[in-house]
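Geometric and topological summary
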Amino acid sequence: MKKILQELDFFQRERSPRKWVISFLAGWFSLLFLWGGIVLFTDPYIVFHRTIGLKTAYRNPYAMLPGILRNEPYDTVLIGSSMCQNFELKDICDALGGDTIKATAPGLSGEDVDQFLQEIFKRNDVRLRRIIIGVDLWGYSSSRQAHWRDYHYLYQRQWSWEYFYSQNTAEAVFNLIVTNLASADTKGANLEKDRNRMFCDKLWRFKYSRKTFENAIRKNERMRPAPLNDAFVQNIDQRLISHIKAHPEVHFDLFLPPYSACFWSMQQEYGDITGYLNARLSLAQAVETLPNVSLHDFQDDTKIISDFDRYKDISHYNQKTNREILGSIARQDHKIASLAAMAAANQRLLKQAEMCLPYYRKCCGKTEK
């Protein structure tokens, strides 16, 4: 022991404080450069290039989408919230043709849609053919949070210290490597790597049935979208309609997702349904005269919204419904061609909400008023 202490004392005398600092800084900067090289090579968010030697792990869409929209090949884009996340690219291509990608993310706000569209239209090396957008009206409420701002540095087309040395990136690199090393029978990892199911490794795990639907309403009865306000018209025009007007060479298919009839009964129960019906009219009026847009309304389709076996909760529907929506967009048999047509659809929707109200109250465990 005495000999060891003597050797340590000799070593410390030989190393001056200045040399210690230089050695420490050299080691620290070497680690920084090494980690920066790993991030640049793996590039988990596809900021600089498509994934090399590894399969892309489609996780955390708000972080990954700016890179995907810049670097992936496509001529068709599906934009939407969690309502659109379980669409398969194959189904979109079969129904509408084209080389499609999905810009879908949970809780999508109008500002998020605006940001995605800005990224899309910055590309000058692709020839866009079609943009399909699932329009969640509540997303254009002024109170909706813009999720892309959590990853603002990824939306800047420049080198970013935050990208290379943030916790988010470290987790993404780790997840990318682990996902690629996972065995072939690891379902979650395989879903994350499946480009056809881009950003949808969870929705396939849910059960769609009346029982699941009723339980979800009972548990989450108070978790309803915020009511729409007077800012809706301004937001929809600024975040969405302005892009449609600015790009007449691209065809836009806007569709109103078929939430269950209970969703509309819920709006009626809490006095919010008038705001939603007026928002539907405002959207129809905004696009009525635009030649490069089609508005498809599935929200008053009784066959869909009254079939509760299609749903896992009050609004999210299964893949069978996705395929029906895509087929209808191709045939244009749910297209709203005028403001009068939307007004008639609103009357049907209001009637459906009233008819379903007793059932909704029963699901919530409420006594009939």
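For the structure, see preceding data.
Residues numbered from 1 in each chain as written. Predicted model: local features only at pLDDT ≥ 70, side-chain atom pairs only at ≥ 80, totals over all residues. Heavy atoms only, no water.

**Side note on the sheet that holds strand β1 (residues 76–80)**
- Sheet architecture is open: five strands sit in the order β2-β1-β3-β4-β5, paired in parallel fashion. Pairing within the sheet leaves two strands with one partner each, and these edge strands are β2 (100–104) and β5 (293–297). The sheet shows a mean angle of 15° between the axes of neighbouring strands, direction not considered.
- As paired elements, β1 and β2 share five bridges and run parallel to each other. Across the sheet, the residue bridging to G80 is T104, located in β2.
- Sitting on the sheet, helix α10 (residues 232–246) is in contact with β3 (130–134), β4 (251–256) and β5, with an inclination near 150° to β4. (Pairing = 2+ DSSP bridges. Helix = DSSP H or I, 4+ residues; strand = E, 2+ residues; numbered from the N terminus. Axes fitted to C-alpha atoms, helices over the stretch in contact; angles between N-to-C directions. Contact = heavy atoms within 4.5 Å.)

**Observations concerning the environment of I236**
- Within the secondary structure layout, I236 lies in helix α10.
- Each C-alpha atom, one on I236 and one on G139, is 9.4 Å from the other, the two residues being 97 residues apart in sequence.

**Describing unusual backbone geometry**
- The phi torsion at I46 lies on the positive side, around 55°, for a residue other than glycine.
- Along the chain, the position of I46 falls in the loop between α2 (17–42) and α3 (61–71).
- For N60, which is not glycine, the phi dihedral falls at a positive 60°.
- Counting through the fold element by element, N60 comes out in the loop between α2 and α3.
- Assessed through its relative accessible area of 26%, N60 is described here as partly exposed. (Buried < 20%, exposed > 50% of the residue type's maximum accessible area, 1.4 Å probe, protein only.)

**Some points on the nonpolar core**
- Counting residues in each nonpolar core, the largest one holds 98 residues, and the members touching the most others are I79, I131, V135, L240, F252, L254 and F255.
- Here the element with the most residues in this core is helix α15 (residues 339–363); it accounts for eight residues. (Core = buried A, V, L, I, M, F, W, Y, C linked by side-chain atoms within 4.5 Å.)

**Topic: empty space enclosed by the protein**
- Summed over the entire model, instances satisfying the criterion amount to two cavities of 30 Å³ or more.
- Approximately 50 Å³ is the volume found for the largest cavity.
- Taken together, S81, L108, S109, V113, G134, V135, D136, G139 and Y140 make up the lining of the largest cavity. (1 Å grid on protein atoms, 1.4 Å probe; cavity = no way out; pocket = protein on both sides within 12 Å on 5 of 7 lines; lining within 4 Å. Points joined across faces, edges and corners; volume = space filled by probe spheres on them.)

**Here's the deal with a nonpolar patch on the surface**
- Together, V21, F24, L25, W28, F29, L31, F33, L34 and I38 give the surface a local cluster of nonpolar side chains, amounting to about 970 Å² of exposed area.
- Take F29: it is sitting in helix α2.
- The class of F29 is partly exposed, set by a relative accessible area of 43%. (Patch = residues over 30% accessible without salt bridge, like charges linked within 9 Å, V, L, I, M, F, W, Y side chains within 5 Å. Areas by Shrake-Rupley, 256 points an atom, 1.4 Å probe, with all protein chains shown as cover. Salt bridge = Lys/Arg side-chain N within 4 Å of Asp/Glu carboxyl O.)

**Considering the pairing of β4**
- Burial within β4 is extensive, with five of its six residues counted as buried.
- By the bridge criterion, five bridges tie β3 to β4 in an arrangement that is parallel. Bridging across to β4, G134 finds its partner in F255.
- Sheet topology note: the β4/β5 ladder contains five bridges and is parallel. Following the sheet pairing, L256 is matched in β5 by D297.

**Topic: the pattern of salt bridges**
- In total, this model carries 19 salt bridges according to the counting rule given.
- Here R280 makes a salt bridge to D297, at a shortest N to O gap of 2.7 Å. With R280 in helix α12 (residues 273–287) and D297 in strand β5, this residue pair connects regions lying 17 residues apart in the sequence. Here R280 and D297 have matching classes, each one buried.
- A salt bridge links R348 to D300, with the nearest nitrogen and oxygen atoms 2.7 Å apart. One end of the pair, R348, is in helix α15; the other, D300, is in the loop between β5 and α13 (302–305), and 48 residues separate them in sequence.
- R348 sits in the partly exposed class, given a relative accessible area of 47%.

**Thoughts on the packing of aromatic side chains**
- According to the stated counting rule, one finds 22 aromatic pairs in the structure shown.
- Between Y58 and F199, the aromatic rings sit 5.7 Å apart at their centres with planes inclined by 85°, giving edge-to-face as the arrangement. With Y58 in the loop between α2 and α3 and F199 in the loop between α8 (187–193) and α9 (210–219), this residue pair connects regions lying 141 residues apart in the sequence.
- Relative accessible area serves as the criterion here: at 4%, F199 is assigned to the buried category.
- Ring centres of Y259 and F263 lie 4.5 Å apart, and the angle between their planes is 45°; this geometry places the pair in the tilted category. (Phe/Tyr/Trp six-rings, centres within 6.5 Å; stacked < 30°, edge-to-face > 60°.)

**Section: the packing of helix α11 (residues 261–269) against α12**
- Taken N-terminus to C-terminus, the directions of α11 and α12 make an angle of 120°; their axes are 7 Å apart at the nearest point. Comparing the axis directions of α11 and α12 gives the class oblique. Two secondary-structure elements touch here, α11 through F263, W264, Q267 and Q268 and α12 through I273, Y276 and R280.
- Each residue belonging to the contact of α11 with α12 can be placed in one class, and the counts come to four nonpolar, two polar and one charged. (Parallel < 35°, antiparallel > 145°, perpendicular 65-115°, else oblique. Nonpolar A, V, L, I, M, F, W, Y, C, P; charged D, E, K, R; others polar.)

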